[in-house]
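Reading the structure
Next come the chains, spelled out residue by residue.
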Amino acid sequence: MTLIDSHCHLEYEGLAEDQPGVLDRARAAGVTGFLNISTRRSEWERVVGTAEREPDVWASVGIHPHEADQHADLGASELREAAGHPKVVGLGESGLDYYYDKSDRSVQQALFRTHIGVARETGLPVIIHTRDAESDTIAILEDELGKGAFPALIHCFTASAAFGRRVIELGLSVSLSGIVTFKNARELQDFAKEIPSDRLLVETDSPFLAPVPHRGKTCEPAYVRNTAEFVAGLRGETVENLAETTSRNFHALFRKTAA
């Protein structure tokens, strides 16, 4: 069985202190690839450095909406240059977070559009974080798609089923994290059953959101197997089949990983 953790933060506290051990435990669990995500400019060098060092790790470059105010000066040229590295395969995570509102909403929106513009130019997918911002996220996606196609996915999907159906209609993919295993995630579990098989990915978002039966622990990429097993059960398929499907979807979306 081969699984890919499509979204983890290997440089964050909880994983960085024992990064070799974290990666080895995940490999022993059947994880064959990792997408190491950046959230601020100061992380880019470390995130890319890990991908340079580890053959089965890839990197993203981007600005999380929480960090938007501190990166209002980020231009498309700087993001495009960083995205040119051979092991950088995605842009983000970027998007909108109106739950915490840690950055001005207009700045979040502007940076989100910057990431989309670079995605359109480079063909690298935008890794989208959205929380309590469904209508504005859809509005921006629809407006930007009107200017030209670009690849994208909603990571750590926790939004409404109506939002999920709309982003799938728009051509996006959806990634499920350990949240889907939580007892109170009934709506998400129902939606997980209807995601088209060619649009589904799995992730940990580690070191956050450890799935059952690891809740309360620091989440590790190895735990993507628990999420995959749970989702496979929801969808009435074997975990081996789901692992193969989600890995194939990952490589189809993040096309640069084939290089």
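Check the entry above for the structure.
Residues numbered from 1 in each chain as written. Predicted model: local features only at pLDDT ≥ 70, side-chain atom pairs only at ≥ 80, totals over all residues. Heavy atoms only, no water.

Things to note about the overall build of the protein chain
Within the protein chain, the secondary structure is distributed over nine helices and eight strands. Relative to its length of 259 residues, the protein chain is compact, with a C-alpha radius of gyration of 17 Å against a globular reference of 18 Å. Dimensions along the principal axes, computed over C-alpha positions, put the protein chain at roughly 45 × 40 × 35 Å. Residues counted as buried form 59% of the 259 residues belonging to the protein chain. The contacts in the protein chain between residues at least 6 apart in sequence include a share of 73% that link residues at least 24 apart. Accessible surface, the protein chain as shown: approximately 10500 Å² in total, 48% of it carbon and sulfur. With 27 positive and 39 negative side-chain charges, the protein chain shows a spacing of 3 Å between the two charge centroids. (Helix = DSSP H or I, 4+ residues; strand = E, 2+ residues; numbered from the N terminus. Rg over C-alpha atoms; globule rule 2.2 N^0.38 Å. Buried < 20%, exposed > 50% of the residue type's maximum accessible area, 1.4 Å probe, protein only. Contact = heavy atoms within 4.5 Å. Areas by Shrake-Rupley, 256 points an atom, 1.4 Å probe, with all protein chains shown as cover. Lys, Arg positive; Asp, Glu negative; His and termini not counted. Charge placed at Lys NZ, Arg CZ, Asp CG, Glu CD.)

Here's the deal with the nonpolar core
Judged by nonpolar contacts, the single largest core of 74 residues is most densely connected at Val61, Leu141, Phe157 and Leu176. Of the residues forming this core, the biggest block, five residues, is contributed by helix α4 (residues 105-122). When neighbours within four sequence positions are excluded, phenylalanine 157 is seen to be in contact with Phe163, Gly164, Val174, Ser175, Leu176, Leu188 and Phe191. Listed in part, the eleven residues of the second largest apolar core include Ile4, Leu35, Leu153 and Phe250. (Core = buried A, V, L, I, M, F, W, Y, C linked by side-chain atoms within 4.5 Å.)

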